[in-house]
Structure formats: structure tokens, C-alpha cells
Amino acid sequence: MIDIKSFDGPSRIDSRSGPDHDLKFREGRNVGSLDKLGTPLKDYVTPDGIGVDSAKFRIEAERLLKGRAASSNVIDHADILGNVLDSLSNVDFKARAGIEDEDKLPQKHLIVLTIDEILAEFRRQNLGLARKDGSLFGFNGSHWAELPKETVTDFLGDAAKSMGVQELDARYYEFKNKLFLQFLTAARFREGRARTDAVLLNTLNGTLEITENQVGIRDFDPNDFLTYRLDFEYNAEASCPMFDAFIREALPEKESRDLVAEFLGYAFTKNRKMEKAGLFYGTGANGKSVLFDIVNALIGRENITNFSLTDLMAEHNRALISNKLLNYGSEINAGVTRDIFKTLVS
């Protein structure tokens, strides 16, 4: 249980642990635990004369607390390797290998022991690593992101130096590449696979899980292997009157609005293979560009690509969409073959 105190009215709350596990307002009146919030809060009025709707207060309090709890263990992906590097210290490699001081430590032993120590630190910090399609991914507490080979290789060299490997050896490209290969071999990374038994949306305050039987928010789970996090919280009570007004004006037919909603929802599914592509067409100033901007903001620029069909004829561009939620191109042209288009859609 968590204590909540309001210092500037009931809409602002401060969560912190405490010995009495109660929910209190500014003047300290005990209004019961969060599990029994509804009855004690009924018809309460703050000293500022602001009335409290107990049901809405409970929903908002639980939503905010869950969001804070979900985000409390999340770090920046850029800090994953840095946190490990900061925790490493000098290692007596000869002692670890059982070699006398006057004997020379073979390089292969040095490489194996260096990687063993690095992996042990990953385990101590409970940091997740996985491999998918030949690439390395790191879990930051909420979602996975690719760790470029160059970044990992440089990290391994810096880590070796931190543990006492001579600087010139640690900086040598061949030594760093050997460390990387040993890293891949010794880690025995699990192969990253997304779940296919549910639709999952990763938000700031947790993962929204949608199954045939229920819809609910829950804690982040590395086993989901989600490679994104949307930049907003899930709130079942939220409404969007401005967007609703826009989409009704742009698409007066409910069937068309439902089709747009279906395609946007399709972007988050991993367990449905519908083999469909959406095409929005019409004259100018009819809402296509506005919807394009809204979708980009909703899904996030880092989770979306904007290649045209002609762009997708290039193999390197097609490779860039593999870990994205959606490719939403603003221009349509005839520079794509039928076979490529069919491959992309299917």
C-alpha cells in the first residue's frame, strides 16, 4: 500500500511509502486505505471548497500510481552499457586463471575471463540481452532496442580497459572483435520473439494487453519482446473531442472511420496476418495530411517510417522497416513492381 498526500488540492498527489499505509489529505484527516477509498471519500470537500468525486479520484490515483511504479525501473537504453561499465573494476586475471605471476597469460584466456566478468555484471544488474535476426537487443525495463555492433564492440574494449587490460590492447580492433565474438558465444542469448497470443500496446504506465476475454494494463515484461514504448499513458477514461470532430468532418461515413481505426489498430498486432495495405486518396484539403501528422505523433517518429513505394524498391530501405510499427508514406507513385508490393503487404 502507498500513502498519498495532497498539498494543493485533490488533483495533485504525492506518492511515498509510510508506516501507516493510509490515504490522507492535506489537513491530515484519515480517509482510509486505497482499497477502501470509495466510502470514506464520499462528499468530501477540501478547505479550498473543491468537491471530490471519490470514484474519479480513485481511478486517477490508481492510474498515476501504476504509471509511476511501471516507470520507476526504466532506464535509457544508452545507459544500459554505461551502467555496466561504471560498475567494473580491476581484475587479477592471472589469479582467476590460476597462472603464476611470472607466467604470461594467453590472450584467449584473457578474452574469456574478460567476457565472463562482463556477463556476470549484466546478471548482477538484472539487465536483459537478446539476439534477433543476428542483432543484439537490450531491455531497459520497459522495452527492447537494438544495440549496434559498433557500440557493443567499443563498450567491450572500454570494459576490458576498466578491468586492467593494457590500453593499447583494449583499443586494438582485432582484440575488440574477438571480445565481441566471445560475447556472442558465451552469453547464449535467447532468441527474441514477440508474443502472438495477445495484442500488446506498450505505454508509459505499462503494457496494455488485449485478449479475447479481457483488456487491462499490466507491468512491463521482457518476455513480450516489444521494441517500442508509446509516449503517453493508457487511460481508459480518456476522450478526444477535437480528434472526434476532425475525423467526423473528414470522413462523414462511420464505415470509413471504422476502417481507419482498424488499420491503425493493425499496426500494433503481431498475431494477425491480414495482408492488407491502406490507401487514403482524395482531393486536396480533405484531411489526409492532418491524419498523417496525427498518426506520426501518436505512434512516435522513432516507431514509424515514411518511405514511399518507390523508396521501398531499395533493399536497404526495406530492411529499415523490420522493427517499426508502421510505414506511412505521404506520396504514392508507380515506381514499384507488383512482386515487391505483394511481398511487402504479405
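Scroll up a little and you will see the structure.
Residues numbered from 1 in each chain as written. Predicted model: local features only at pLDDT ≥ 70, side-chain atom pairs only at ≥ 80, totals over all residues. Heavy atoms only, no water.

Please clarify how the sheet that holds strand β7 (residues 199-203) should be interpreted in this entry.
Neighbouring strands of a sheet are bound in pairs by backbone hydrogen bonds; such pairs are parallel or else antiparallel. Pairing in this open sheet of three strands is antiparallel, and the strands run β7-β8-β9 from one edge to the other. At either end of the open sheet lies a strand with only one pairing partner, and these are β7 and β9 (215-218). Looking at each pair of strands side by side, their axes are set apart by 20° on average, direction ignored. Pairing geometry for strand β8 (residues 206-210) and β9, over four bridges, is antiparallel. Residue Thr207 lies in a different strand from β9, and its bridge partner there is Arg218. (Pairing = 2+ DSSP bridges. Helix = DSSP H or I, 4+ residues; strand = E, 2+ residues; numbered from the N terminus. Axes fitted to C-alpha atoms, helices over the stretch in contact; angles between N-to-C directions.)

Quick question: what am I supposed to make of a negative patch on the surface here?
A surface patch of like charges, here negative, comprises Asp92, Glu100, Asp101, Glu102 and Asp103. Residue position: Asp92 is located in the loop between α2 (77-87) and α3 (93-97). (Patch = residues over 30% accessible without salt bridge, like charges linked within 9 Å, V, L, I, M, F, W, Y side chains within 5 Å. Areas by Shrake-Rupley, 256 points an atom, 1.4 Å probe, with all protein chains shown as cover. Salt bridge = Lys/Arg side-chain N within 4 Å of Asp/Glu carboxyl O. Lys, Arg positive; Asp, Glu negative; His and termini not counted. Charge placed at Lys NZ, Arg CZ, Asp CG, Glu CD.)

For this particular structure, what's the right way to read the nonpolar core?
When a protein is soluble and globular, its nonpolar side chains tend to lie buried together. Formed by 33 residues in total, the largest nonpolar core has its most connected members in Ile118, Phe122, Leu156 and Phe183. Mapped onto this core, the elements with two or more residues apiece are α2, α4 (107-124), α5 (149-162) and α7 (173-187). If you tally residues by element for this core, the top one is α4, at seven residues. Filtering out sequence-adjacent residues up to four positions away, Leu156 remains in contact with Ile115, Ile118, Leu179, Phe180 and Phe183. Among the nonpolar cores identified, the runner-up in size contains 20 residues, and Ala198, Leu200, Leu226 and Tyr328 belong to it. (Core = buried A, V, L, I, M, F, W, Y, C linked by side-chain atoms within 4.5 Å. Buried < 20%, exposed > 50% of the residue type's maximum accessible area, 1.4 Å probe, protein only. Contact = heavy atoms within 4.5 Å.)

Would you mind showing me how to read the pairing of β8 here?
The side chains of a regular strand alternate between both faces of the sheet. Of all five residues making up β8, four are buried, and the element is well covered by its neighbours. Sheet topology places β7 next to β8; five bridges connect them, and they run antiparallel. Within the sheet, the bridge partner assigned to Val199 lies in β8 and is Ile210. Where β7 hands over to β8, the hairpin turn is made up of two residues, counted between the paired strands. Taking the residues that link successive antiparallel strands as the turn, the β8-β9 hairpin has four residues.

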